[in-house]
Amino acid sequence: MRDISFNKFYRKFNILSLLLIVISLVFLIFKGLNYGVDFKGGTLIELRTTDKTNNISLIRDSFNQMNLGDVSVKKFGNETDFIVKFEKQNSNDPEFIKNIQNKLSSSIGDVDFRRVENVGPKVSLELLKSGIIAISLSLAAMLLYIWIRFEWQFSLGAILAIFHDVIITLGIFSIFSLEINLSIVAAVLTIVGYSMNDTVVIFDRVRENLKKYSDIKIFDLTNISINETLSRTIITSVTTLLALFSIYLFGGEILKGFSLAMILGVIFGTYSSIYIANPILVALNVSQRTIVKEEKD
Amino acid sequence: MLYFSKLRIISVIVFTVIFSYFAFSNFVKFDDRFFSKNINLGLDLQGGSYLLLEIDNRPVITQKLQAKIIELKRYFKEKEITLKNFSLKGDTILFETIDKEFENVKNILNDKESDVNTYYPTYKSHEFDVIEDGNLFSLNYSRYGLVLLKNSSLDQAIEIVRRRVDEVGTNEPNILKRGNDRILVELPGLDDPNRIKSLLGKTANLTFQFISQNNEESFGTEKLSFEDGSRDAVVSKRIILSGDNLVDAKPTMNSQTNETVVSFSLDRVGAKKFGKATSTGVGKQLAIVLDGKIISAPSVREPIIGGSGQISGDFTFQSATDLALLLRSGALPAPLNIIEERTVGPDLGQDSIDAGILSLFIGFLLVILFMIYKYRAFGLIANLALVSNLFLLIGILTLFEATLTLPGIAGIILTVGMAVDANVLIFERIKEETKNEKNPIIAFDAGYTKSRTTILDANITTLIAAFILFFMGSGPVKGFSVTLGVGILTTLFSVYFIARLLTSLYVVKNKDKEQLI
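Residues numbered from 1 in each chain as written. Chains lettered and ligands numbered in written order. Predicted model: local features only at pLDDT ≥ 70, side-chain atom pairs only at ≥ 80, totals over all residues.

**Quick look at the packing of helix H3 (residues 56-64) of chain A against helix H4 (residues 96-108) of chain A**
Residues and elements named next belong to chain A. Their axes nearest at 10 Å, the elements H3 and H4 cross at an angle of 135°. Considered as vectors, H3 and H4 are oriented oblique to each other. You can see that H3 and H4 cross each other, and the crossing is right-handed. Contacts between H3 and H4 involve Leu58, Ile59 and Ser62 on the former and, on the latter, Leu104, Ser107 and Ile108. When grouped by side-chain class, the residues that make up the contact of H3 with H4 number four nonpolar, two polar and no charged. (Axes fitted to C-alpha atoms, helices over the stretch in contact; angles between N-to-C directions. Helix = DSSP H or I, 4+ residues; strand = E, 2+ residues; numbered from the N terminus. Parallel < 35°, antiparallel > 145°, perpendicular 65-115°, else oblique. Left-handed = near helix turned anticlockwise from the far one by under 90°. Contact = placed C-beta atoms within 7 Å. Nonpolar A, V, L, I, M, F, W, Y, C, P; charged D, E, K, R; others polar.)

**Things to note about the interface of chain B and chain A**
Chain B puts 57 residues into the contact, and the matching count from chain A is 58 residues. Counting only elements with at least two residues in the side of chain B that touches chain A, the list comes to helix H7 (194-200), strand E18 (336-344), helix H10 (346-375), helix H12 (406-436), helix H13 (440-472) and helix H14 (476-509) of chain B. Considering each element in turn, the side of chain B that touches chain A owes the most residues, 14 residues, to H10 of chain B. Considered class by class, the residues forming the side of chain B that touches chain A number 31 nonpolar, 16 polar and 10 charged. Relative to E18 of chain B, strand E5 (residues 111-119) of chain A runs antiparallel, the two sharing five bridges. Its bridge partner being in E18 of chain B, glutamate 117 of chain A is matched across the sheet by arginine 342 of chain B. (Pairing = 2+ DSSP bridges.)

**Examining the environment of glutamate 208 of chain A**
By the element assignment, glutamate 208 of chain A lies in helix H7 (residues 182-212). Taking the C-alpha atoms as reference points, glutamate 208 of chain A and serine 225 of chain A, 17 residues apart in sequence, are found 9.0 Å from one another.

**Let's talk about the sheet that holds strand E4 (residues 92-97) of chain B**
Residue and element names in this part refer to chain B. The strand order E3-E4-E6-E5 describes an open sheet built from four strands, whose pairing is antiparallel. Edge positions in the open sheet fall to strand E3 (83-89) and strand E5 (128-133), since each of these has one partner strand only. Neighbour-to-neighbour, the strand axes of the sheet open up by a mean angle of 20°, direction not taken into account. Sheet topology note: the E3/E4 ladder contains five bridges and is antiparallel. By the bridge assignment, lysine 89 is partnered in E4 with threonine 92. Here helix H4 (residues 102-110) sits on the sheet and contacts E4, E5 and strand E6 (136-141); the angle it forms with E5, its principal contact strand, is near 160°.

**A word on unusual backbone geometry**
Although it is not a glycine, asparagine 67 of chain A sits at a positive phi angle of roughly 65°. Turning to its location among the elements, asparagine 67 of chain A is positioned in the loop between H3 and strand E3 (71-76). Residues other than glycine seldom take positive phi values, yet aspartate 291 of chain B does so here, at roughly 50°. With respect to the helices and strands, aspartate 291 of chain B occurs in the loop between strand E15 (286-290) and strand E16 (293-296). With 17 C-beta atoms counted inside 10 Å, the residue aspartate 291 of chain B sits in the partly exposed group. (Buried ≥ 20, exposed ≤ 12 C-beta atoms within 10 Å, placed from the backbone.)

**Some words on the packing of H7 of chain A against H14 of chain B**
Axis separation between H7 of chain A and H14 of chain B bottoms out at 9 Å; the angle between their running directions is 25°. For the element pair H7 of chain A / H14 of chain B, the angle class is roughly parallel. Mapping the contact onto sequence places Leu182, Ser183, Val185, Ala186 and Thr190 of chain A in H7 of chain A and Val477, Phe480 and Leu484 of chain B in H14 of chain B. Classifying every residue of the contact of H7 of chain A with H14 of chain B by side-chain character gives six nonpolar, two polar and no charged.

**Notes on the domain arrangement of chain B**
Residue and element names in this part refer to chain B. Each assigned domain of chain B is listed with its residue range as follows: domain 1 (6-42 + 346-509), domain 2 (48-188) and domain 3 (206-341). Taking only C-alpha atoms into account, the centre of domain 2 sits 29 Å from that of domain 3. Taken residue by residue, the interface counts 18 residues in domain 2 and 14 residues in domain 3. For the side of domain 2 that touches domain 3, the secondary structure elements donating two or more residues are strand E2 (48-55), helix H3 (58-78) and helix H6 (143-168). Across the side of domain 2 that touches domain 3, the residue classes tally to nine nonpolar, four polar and five charged. (Domains from an automatic or database assignment.)

**Points about the domain arrangement of chain A**
Quoted interface sizes are often the accessible area lost when the parts come together. For chain A, the assigned domains read domain 1 (6-34 + 123-296) and domain 2 (42-119). When each unit is reduced to the centre of its C-alpha atoms, the spacing between domain 1 of chain A and domain 2 of chain A is 40 Å.

**Digging into the environment of serine 25 of chain B**
Structurally, the position occupied by serine 25 of chain B is in the loop between helix H1 (6-24) and strand E1 (40-41). The contact partners of serine 25 of chain B, leaving out residues within four places of it in the chain, are Phe30, Phe35 and Thr398 of chain B.

**Considering the pairing of E2 of chain B**
Residue and element names in this part refer to chain B. Of all eight residues in E2, eight are buried, a share of seventy percent or more. Burial of the side chains of E2 extends over both faces: Gly48, Tyr50, Leu52 and Glu54 are buried on one face and Ser49, Leu51, Leu53 and Ile55 on the other. Alignment of E2 against strand E8 (residues 182-188), held across seven bridges, turns out to be antiparallel. From the neighbouring strand, tyrosine 50 faces E8, where its bridge partner is glutamate 186. Alignment of E2 against E18, held across eight bridges, turns out to be antiparallel. Each bridged residue has a counterpart across the sheet, and for tyrosine 50 the counterpart in E18 is arginine 342.

**Some words on helix H8 (residues 218-228) of chain A**
Taken residue by residue, H8 of chain A has Ile218, Leu221, Thr222, Asn223, Ser225 and Ile226 of chain A as its buried positions. Tucked into the core, H8 of chain A has its buried residues touching H7, helix H9 (230-250) and helix H10 (256-283) of chain A.

**Digging into the nonpolar core**
One finds Val188 and Leu189 of chain A together with Ala157 and Leu469 of chain B to be the most contacted residues of the largest nonpolar core, which totals 202 residues. Among the elements that take part in this core, H7 of chain A stands out by supplying 17 residues, more than any other. The next biggest cluster of nonpolar side chains, apart from the first, holds six residues, and it includes Ile93, Phe128, Leu139 and Tyr141 of chain B. (Core = buried A, V, L, I, M, F, W, Y, C linked by C-beta atoms within 7 Å.)

Structure below.
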């Protein structure tokens, strides 16, 4: 067992976390999130050109001539691969995509549409709604679970830690204008699960130690517990991150956003289990009586 | 915790071997008679199209309301009750009655056994909600009336969609109802969905109507434009014949004009109607109207009594084939709109599979190396558990013929990364226990026992997230929740049966060594 005084830095890191949350919230409120076609509606086309001289501005110009609303063009992995997104989606015209492909071929040479996503406004609104419901439901379910398993002080600590992770992860997505799509919702849910997992492991140990030592104050007790579980925390984070970096680097462009969100989530999840969840136990002055009283009830 | 009976050892081995066999049967074909299941690849991996169609029921509602007005008029006329000023305002039928018959009409409409306002005995709600205001009645579809209407139009539409998709001949299309006005069409392996999209986008309402003699629009005629947009024509509203009477249609070559045409044959009723109309209408122009557009308007030279005919109009062979297909499969009750489309080309799908497998392999290798570096012999045990975990996971997905998507592959990789957590928790606990306990068997036993609740807690939380995602997520994301959820179960099995078995064998054999872990 190592002996690192994590508890000396509770205050400093809490201030840092608070700052990060405030910055994230400011960005989330004023800049908002960069929703992809899943949630905003519109059309996404992943295309591959045969002509290597095609560049972003050339492709953007050809799309702009088609009157499709706001068009954005980005490189996507390969030299010849591009992602094009625009507002318009036309459900009443089955030839919509075909016409675009024809016009494009005549202006920039043969193009292959590798992927087309076309989402109407009604569907995108429903997807957004169900995404928000899914995340809220999972938070509620976690709260319920931990409320049954632990005392309320622990629940509060764990839930605040999760909020911390989710807000900062989304904040980073807002700051860098990274796209939010369906897979990001999946990532956020997994982050919620992971962060909870990590917090629960430390809390289990805190509770065990509360029973064992009646004379150690919670401030030092959390530090002992963090140290006792530290090598597990590190090893699990490392193996999970190894897997995630492997997806990020080799899993292809489509999974990049998902794995990035997960990587951020795991890093902040590990950090928050130590520096958010535990200081809250200290602030709420948890003692042996907290758990003994509960058990009597 | 460390003791395993012989029976238990054998069952663990048998179980693991069977599921590993299932997993391998995806890649190497053994005996098909014993096990022939495969993991399904999602549309994002094998390529294909996902189309969500929504029925636009407004024309159906208007049609039904108009029919209802006629029915009401006839019904009350038979009962010799005077109703007047029938009108249709939005989705509301309005009519007035005279004072002395007010109560009578009201009772008929609200009667539980009513013949004109039905459904009550079955659904405890009438087809129409009736509101009276003085002598003015207004009828609106009730919630149930609307649901039933939508359901029946959805049932009809799904049947027509299925016929059209089947006629095009894609492999294993998946056509499902979604709610009461949506149809989900999944077309695996389809490279170019444009043809199916344009086929599904047409209502295919075919009618034969005479072109009116005078060029002015009047009561009983309507102005329609030609398909190519070149000109308009005034057409009699009387429908001679509709697509319902068609029994077959196919593209053929007209030997005289060398043109591609669609030849059709009619059922008996249709043949009779068509014969009668064409014998009285020799010399007139007969417009062939599809979805409100005139395809062509040939002149009737002689009565057509054989019950078959041809539709001409600048067809290519492809467009004639498509029209024939539409006519054979019948008309949709209402137009369909494509409200969501996701198409992935087959080469992108293959690229995703390759990238997925590569990243799985690398992630797996890194985790395995890290575990051996950290725990030596026990790392090896954890790794064996991890390998069997992977086989079990893929084996179970195969057994249930689950659909594997790209996010699903990510879920498998993530499982690999997180699966070692349980073993790490146990090993770390054992390390702590060995400090106070000299007997390794007791220390190992305590390590397993004391870490159990933590491991359960930790896995249940992830399982909750996976469950919610499964019920709320759609498409590829659902695939992620499946692999994540099943991955947790196989992780627990591999930790508590496989790894524990190996640990116990190792510890019992080496119990006299110093510092086992």
